[in-house]
Structures are given as structure tokens and as C-alpha cells.
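Each chain, written out:
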Amino acid sequence: MQEKKSIHGSWASRWVFILAATGSAVGLGNIWKFPYITGENGGGAFVLVYLLCIALVGIPIMIAEVFVGRRARQSPINALMDLAEESGKSKSWGAIGFMGMLAGVLIFSFYSVVAGWVLQYIFSSASGALNGVSSEQAGELFNNLLADPTTLLMWHTIFTIMVVIVVIGGVNAGLERATRIMMPALFVLLFVLFGYGMSTDGFAQGWSFMFDFDFDKLTWDAVLVAVGHSFFTLSLGMGSIMAYGSYMPKRASIGSTVLAIGFLDTLVALVAGLAIFPIIFANGMDPAAGPGLMFISLPVAFGQMAGGQFFGTLFFVLIGVAAWTSAISLLEPTVAYLVERVGLKRSSATIALGVVVWAIGILCLGSFNFMSDVTLFGKNVFDFLDYITANIMLPLGGILIALFAGWVVKKKHASDEINLKSEGLFNLWLFVVKFIAPAAVGVVFILNL
Ligand code: PHE
């Protein structure tokens, strides 16, 4: 097949691809979700399972997504159909892409609500409202926010508009330039906060909470959450990375690029945990506090730090940016598909999709107030969407993509495109996507039933 280009554009270089894909991967999943689900699932053993999943399942599947996207140079549904056809198989494999689009829409709708909390905290922090708060006061502030649908709606709307604007522009030089500065700044500030965590007397306890592997606390449900989170945090199983891969330069090496993205994403999550848990323990808070964990612990920490008003504000700004660059990638596959398939203009496709995700988001924010008694399978709408997307749709999408890459695409096509340094490495990858990853995730699914 000769060199194709995507009609949507392409990244200027391999470095820009790393930046964009890391922008997608590093987000609320790392800084908000990882610490709180680690807290809820008992710590150490959960972290270990999560790390194993990243290495054994996540990285190989990310390689699969990038190569499928890059070879086909189209949105996920069309990419899957094209490569299936090229290998003489049924085009119905494109259906994986439909499930991915749905997952993207559902994830966006609660993601945007949490991003809205972050936006609110930028202002609370900048105005000094968080200065010197105790953990009780911080908890109360957070609960007051959740109880106030108007404020939540305002921020959810603003965040959705921010994302729509960027997606309309294509992932342009402006955003790339912004992430180039913001992502390193996020790293620096995380390390500052980590340093603060180390200086508290909760550090040893925070460390052992995360790294002492106490398997008694591990349930099959926790394993499923760890598996699901490894997909969520790497943006896998729904086509985001596949879409980004379709804009990737031909010559860039897929293996080392994917390793870099996986490494950075994991580093951010671990450092975020090591920053947050010491603060929790030093202040006698509950590590299993749930989704509010970050919004209660960080204000307390910054409230006590010299220059905390400034650093706290900056930190929430950076989390907001991380959420923004991730949310873009939730919409991109569907927008690209609508442009390719329905022939909509990029702007119309994005706005239409924006309205849909915004509307579903209202149901999510209502979960904390006017719709708190509406439950699906015993969970409110917010928790339900979080649960089915991360723990079911993404892992299922991931297994199917692995099977697709391993069994449907001809071996020669895969090895030409991935172009790993050694044949042994390629065969190892192939073995993992054909057998190990689907079996591992499949077993966890079955044991959870
Ligand atoms: N990876 C993002 C995060 O950790 C969330 C995400 C999931 C983005 C799936 C795109 C696709 O916050």
C-alpha cells in the first residue's frame, strides 16, 4: 500500500504525536481518578495489578491501535473496515468502532462534569476562599458545590464549549504549543506537591498504602477496576489513540513512541498518588473518600503551604488543561467519522456532537442533586456511566482491537507497519495481542459475573 494521508491533517512530527497522545492519556484519570479508586480498593495490591495491566495489556493494545490508525489513515470505524478488507475479512469488524464512539460520548458526559469541578476550584483557589481550610471545611465546600446544579451546569457548559472550540479548529498549532508548555509545568508542580507530601508526617503511611501489597484486600471487583482503569488512563479501547495514530508521521517508530506515552502516563499517576495520600493521612482523612478525594485533600494541603493560594490556583489550572487535552480526544474519533461518512463540515459535526454530550452531562451532574434518587443497577447516573464505560466498554473494545490486530490483519501488514527492531519483539507482541491480553481480560470479566 502506498503512503496515504488522512484528510483531517497530520502531526508535524513524532514529537508532536507523543505530545498529543500524552495529552490524551494524562488527564483526570491520573490525578483525580487513580488516587480515589486506589483509596477505595485498598491501596498496594490494586496498584500492582494496575501496573501489570499497563505493561502486559495496555502497551501492546496501544501499539495495535496506533498501527491500525496509521495504516488506514481514517477514523476508527473506517480504519477497521479498511484493514479488514485489505486482509480479505469481513467489514463488520468496523462495529468495534461504533461501540468506541458510544463509549467516548458517555465518558465525555461525566468527564466534563468533573472538569467543571476543576474549573470551579481554579476560582475558589484564586479568590483565597480555600486559604487555611481544615479538612472538614474542605469537605463541606465540595459537598456544597455538588449540591448546586446551577453552578455545576455553568462549568459543565463552559468546559464543553472549550473542547468544542478546539476540536472545530482541528488539533491546531495553538493547542500543541499550549500543551508543550503546560504539560512540563504540570510535571513540575506535581513534583512540588510530592515534595510537600514528603515533608508531612503522613508520607511513610502514604507510601506503604500505595506500595505494600496486601492481597487480602484485593477482590475480583477491584481487579476489574484496575483492568478498566488501565484502559481509561491510556485512552484505549474506544478509538482515541487510533484516531491520533491516523495522523502520525509514517517514519516514526511506533514501539518507542508508545513506550514513552505509557511511561509518562504512569509516572503522573504514581506521583499524583504519592502527593495526595500523605496529605490524606497527615490530616486524618479517609483514603476511601471517593470522587471527592482530590478536591478535599489538595485544598487542605495548599491552604497550609506558603504561597499556597498561588500554587493551588496554578495546579488546578494545569489539571484543567490536562482534562481539556484529554476531552478533545474523546470527541475526535466521532467527529472524524461524521466528516468522512456523513460528509458534515468539521464544525457542524463537532457542534452536533457537543450538544449530545452536553445534554447527557446534565444527567450526570444531576446525580449529585436533583436526580440523586435515580439509580441504574444501584448506582446513580454518574457512577453508572463511569462504571460501564471504564470497566466494561473500554476493556471489551480493547480485547476486540487486540483480536483484530492479531487475527484479522495479515501478519505481514502488521509487521510492516509496526516495524519493531527485532522479529522476536514483534512475535512477542503478536502473541500478547492474540492470546494473553484477550485471555487475561476475558478471565477477569468472567470471574466478575
Ligand atoms: N485518558 C484520559 C484520562 O486519563 C481519559 C480518556 C479516556 C481520554 C478514553 C480519551 C479516551 O483522563
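Our subject is the structure that appears above.
About the thresholds
- Residues numbered from 1 in each chain as written.
- Predicted model: local features only at pLDDT ≥ 70, side-chain atom pairs only at ≥ 80, totals over all residues.
- Heavy atoms only, no water.
- Salt bridge = Lys/Arg side-chain N within 4 Å of Asp/Glu carboxyl O.
- Helix = DSSP H or I, 4+ residues; strand = E, 2+ residues; numbered from the N terminus.
- Buried < 20%, exposed > 50% of the residue type's maximum accessible area, 1.4 Å probe, protein only.
- Expected span 1.5 Å × (residues − 1).
- Bend = angle between axes of the 7 residues up to and from the residue.
- Patch = residues over 30% accessible without salt bridge, like charges linked within 9 Å, V, L, I, M, F, W, Y side chains within 5 Å.
- Areas by Shrake-Rupley, 256 points an atom, 1.4 Å probe, with all protein chains shown as cover.
- Near = heavy atom within 4 Å.
- Polar contact = N/O pair within 3.5 Å; in protein donor to acceptor, adjacent residues only side chain to side chain.
- Phe/Tyr/Trp six-rings, centres within 6.5 Å; stacked < 30°, edge-to-face > 60°.
- Lys NZ or Arg CZ within 6 Å of the ring centre and 35° of its normal.

## Looking at the pattern of salt bridges
- Applying the stated rule across the entire model yields eight salt bridges.
- With its nearest N and O atoms 2.9 Å apart, the salt bridge here joins Glu86 to Arg71. With Glu86 in helix H4 (residues 76-86) and Arg71 in helix H3 (residues 44-72), this pair connects stretches of sequence that are 15 residues apart.
- We classify Glu86 as partly exposed; its relative accessible area is 27%.
- Ionic pairing is found between Asp416 and Lys412, a salt bridge with its closest N-O pair at 2.7 Å.

## Considering helix H2 (residues 28-40)
- Helix length check: H2, at 13 residues, gives a terminal C-alpha distance of 17 Å against a target of 18 Å (1.5 Å per residue), a fit within 8%.
- Phe34 marks where H2 bends most, by close to 35°; the proline Pro35 follows one to four residues later.
- Of all the 13 residues making up H2, twelve are buried; the element is thus mostly covered by neighbouring parts of the structure.
- Inspection of H2 places Leu28, Gly29, Asn30, Ile31, Trp32, Lys33, Phe34, Pro35, Tyr36, Ile37, Thr38 and Gly39 among the buried residues, and these make up the whole buried set.

## Some thoughts on a nonpolar patch on the surface
- Together, Trp407, Phe431, Phe435 and Ile436 give the surface a local cluster of nonpolar side chains, amounting to about 400 Å² of exposed area.
- Examining the composition of the nonpolar patch, we find that three residues originate from one element, helix H18 (residues 423-448), more than from any other.
- One can find Trp407 in helix H16 (residues 381-408).

## Observations regarding the site of the ligand
- Surveying the vicinity of the ligand reveals 15 residues, the closest of which are Ala25, Gly29, Tyr111, Phe232 and Ser235.
- Gly29 has a polar backbone atom sitting 2.8 Å from an oxygen atom of the ligand.
- Within the side chain of Ser235, a nitrogen or oxygen atom sits 3.0 Å from a nitrogen atom of the ligand.
- Here the ligand, which alone exposes 330 Å², has 100% of that area covered by the protein.
- Listing elements by their share of the shell around the ligand, those giving two or more residues are helix H1 (14-25), H2, helix H10 (220-233) and helix H14 (308-342).

## Comments concerning the packing of aromatic side chains
- In the structure shown here, the tally under the stated rule is 35 aromatic pairs.
- Aromatic pair Phe123 and Trp155: ring centres 5.3 Å apart, planes at 25°, arrangement stacked. Taken together, the residues span a long stretch of sequence, with Phe123 in helix H5 (residues 95-126) and Trp155 in helix H7 (residues 149-168) at a distance of 32 residues.
- On the basis of relative accessibility, which here comes to 10%, the residue Trp155 falls in the buried class.
- Their ring planes at 70° and their centres at 6.0 Å tell us that Phe194 and Phe203 sit as a pair that is edge-to-face. Each member of the pair, Phe194 as well as Phe203, is classed as buried.
- By way of ring pairs, the aromatic residues Trp32, Tyr36, Phe110, Tyr111, Trp117, Tyr121, Phe142, Phe232, Phe295, Phe316, Phe368 and Phe382 are connected into one cluster.
- Note that Lys379 overlies the ring of Tyr387, its terminal NZ or CZ placed 4.5 Å from the centroid.
- Seen from the ring of Trp407, Lys434 lies directly overhead, with NZ or CZ sitting 4.5 Å from the centre.

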